[in-house]
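Next come the chains, spelled out residue by residue.
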Amino acid sequence: LAVNDGTIERLGRDRRGGIVVYQRDVTGRFVYYYAHLKRYAPGLRVGDTVKRGQQIGEVGTTGRTFGAHLHFAIFELTKEKKWWQGQPIDPFLVLK
C-alpha cells in the first residue's frame, strides 16, 4: 500500500530489488522505494497519482531475497529532485 499520497516515478525491475516501485511524495522532497514485489497493482502506470493506503503492488520474492517480504526505504531528494539520487533516511522521521 502507498505510505503517502504521491506520484509513481518508476516501475521497474533490478537484480537486487526485483520488481520495484519508486513513488514521489506530494511535496517533491521524498521518494518511497518498494522492492521484492510479486507484481504491480492492476493498471498502475508511471505518472499515476496515488493516495495513502492505495494498493500499488503485492509482496513477493523477486530480486535478491530469501523469502517473501517488502523492502521499503525513503530517500530525501537533493536540490536537483532526481528520484535516483536521494539520500536514504530513517522512515520514522517522515511517517511519525
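Shown above is the structure to which this text applies.
Below, the structure is looked at part by part. Because the structure is predicted, anything quoted here is derived from the model rather than measured.

This next bit is on the environment of Asp48. Relative to the elements of secondary structure, Asp48 occurs in the loop between strand E3 (30–40) and strand E4 (49–50). The spacing of Asp48 and Thr62 is 14 residues in sequence and 23 Å in space, taken between C-alpha atoms. Setting aside chain neighbours within four positions, we find Asp48 in contact with Gly6, Thr7, Ile8 and Gly43.

Attention now moves to the nonpolar core. Grouped together as the largest cluster of nonpolar side chains are twelve residues: Ala2, Ile8, Ile19, Val21, Phe30, Tyr32, Tyr34, Leu37, Leu44, Val50, Ile56 and Ile74. Secondary structure elements with two or more residues in this core: strand E2 (18–25) and E3. Here this core gets four residues from one element, more than from any other, and that element is E3. If we ignore the near neighbours within four places in the chain, the residues touching Ile8 are Val21, Tyr22, Gln23, Leu44, Arg45, Val46, Gly47, Asp48 and Val50. Formed by nine residues, the second largest nonpolar core is a distinct cluster that contains Val31, Ala35, Ala73 and Leu77.

Rules used in this analysis
Residues numbered from 1 in each chain as written. Predicted model: local features only at pLDDT ≥ 70, side-chain atom pairs only at ≥ 80, totals over all residues. Heavy atoms only, no water. Helix = DSSP H or I, 4+ residues; strand = E, 2+ residues; numbered from the N terminus. Contact = heavy atoms within 4.5 Å. Core = buried A, V, L, I, M, F, W, Y, C linked by side-chain atoms within 4.5 Å. Buried < 20%, exposed > 50% of the residue type's maximum accessible area, 1.4 Å probe, protein only.

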